[in-house]
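# Commentary on secondary and tertiary structure
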Amino acid sequence: AAGVIQSPRHLIKEKRETATLKCYPIPRHDTVYWYQQGPGQDPQFLISFYEKMQSDKGSIPDRFSAQQFSDYHSELNMSSLELGDSALYFCASSSQWRERTDTQYFGPGTRLTVL
Amino acid sequence: AQSVTQLGSHVSVSEGALVLLRCNYSSSVPPYLFWYVQYPNQGLQLLLKYTSAATLVKGINGFEAEFKKSETSFHLTKPSAHMSDAAEYFCAVTSSNTGKLIFGQGTTLQVKP
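Described below are features of the structure shown in this document. (Residues numbered from 1 in each chain as written. Chains lettered and ligands numbered in written order. Predicted model: local features only at pLDDT ≥ 70, side-chain atom pairs only at ≥ 80, totals over all residues. Heavy atoms only, no water.)

## Focus on the sheet that holds strand S8 (residues 74–78) of chain A
All names here are of chain A. Across the sheet, which stays open at both edges, the four strands sit in the order S1-S3-S8-S7 with antiparallel pairing between neighbours. Where the open sheet ends on each side, the last strands, each with one partner, are strand S1 (5–7) and strand S7 (64–68). Neighbour-to-neighbour, the strand axes of this sheet turn through a mean angle of 15 degrees, independent of strand direction. As judged from the three bridges shared by S1 and strand S3 (residues 19–24), these two strands associate in the antiparallel manner. The residue bridging Ile 5 from the neighbouring strand is Tyr 24, located in S3. (Pairing = 2+ DSSP bridges. Helix = DSSP H or I, 4+ residues; strand = E, 2+ residues; numbered from the N terminus. Axes fitted to C-alpha atoms, helices over the stretch in contact; angles between N-to-C directions.)

## Digging into the nonpolar core
Membership of the largest hydrophobic core comes to 26 residues, with the highest contact counts inside it found for Trp35(B), Leu48(B), Phe74(B), Leu76(B) and Tyr89(B). Those elements that provide at least two residues to this core are strand S2 (10–14), strand S3 (19–26), strand S4 (33–38), strand S5 (44–50), strand S7 (64–68), strand S8 (73–78), strand S9 (87–94) and strand S11 (107–112) of chain B. Residue contacts for Leu48(B): discarding those within four places in its chain leaves Leu33(B), Phe34(B), Trp35(B), Val57(B), Lys58(B), Gly59(B), Phe63(B), Glu64(B), Ala65(B), Phe74(B) and Leu76(B). Ala19(A), Val32(A), Met78(A) and Val114(A) belong to the second-largest nonpolar core, a separate cluster that totals 22 residues. (Core = buried A, V, L, I, M, F, W, Y, C linked by side-chain atoms within 4.5 Å. Buried < 20%, exposed > 50% of the residue type's maximum accessible area, 1.4 Å probe, protein only. Contact = heavy atoms within 4.5 Å.)

Read these as spatial facts, not as claims about activity.
The structure is reproduced here in structure tokens:
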């Protein structure tokens with residue numbers, strides 16, 4: 001079965017650079033979630049999209065922005081990177097935003113390292 | 001607001017022994033609860049979920065969890081641990097208004113031979 005695809009899997013950037021993370025949801029899934037997992041920490045919700053509209057926003061820095069495109073893939077753009085942005089970034093997708101019971105399927109994550 | 005608390009950041013069991021990972025939740029609305037497993041350098045995989053259909057939920061790999069409203073708990077169990085069960089386990093609850101997941105701090109399960 002098709003899974004959530006994230007690219008790149010690993011990314012190394014310098015401080016103050018920008019980074020773009022991509023997420024391709026499972027086919028026919030209309031909702032995308034982004035989470036950030038710091039070293040030894042639990043995943044923290046950043047932002048979500050339903051049918052290309054932002055549906056919820058968590059503790060996402062103003063330096064970050066995201067969008068969902070017409071083909072439902074999503075991109076997380078990160079500017080002015082800081083050392084503290086080093087983390088594992090997960091994308092998850094589900095098929096029914098309005099159904100809280102619907103399972104979120106996670107991608108393998110993008111490991112961002114800021115030097 | 002919803003939250004989950006996982007008691008015990010590290011749990012160590014012998015192979016073949018009972019696995020018990022504890023999760024307590026706080027929710028102002030009927031909760032929907034999930035257990036995810038994360039192997040090293042991998043994404044999160046759903047083990048099981050509670051959506052009010054049945055209080056005892058069976059998941060993959062022999063895991064199950066029981067929803068106890070009176071104790072606000074959703075503990076994860078497995079009768080007999082296998083070496084391949086060694087991983088990080090996260091309990092999560094969905095927020096009341098959107099589908100975002102709120103995770104507990106995670107429990108690292110170590111299985112000794």
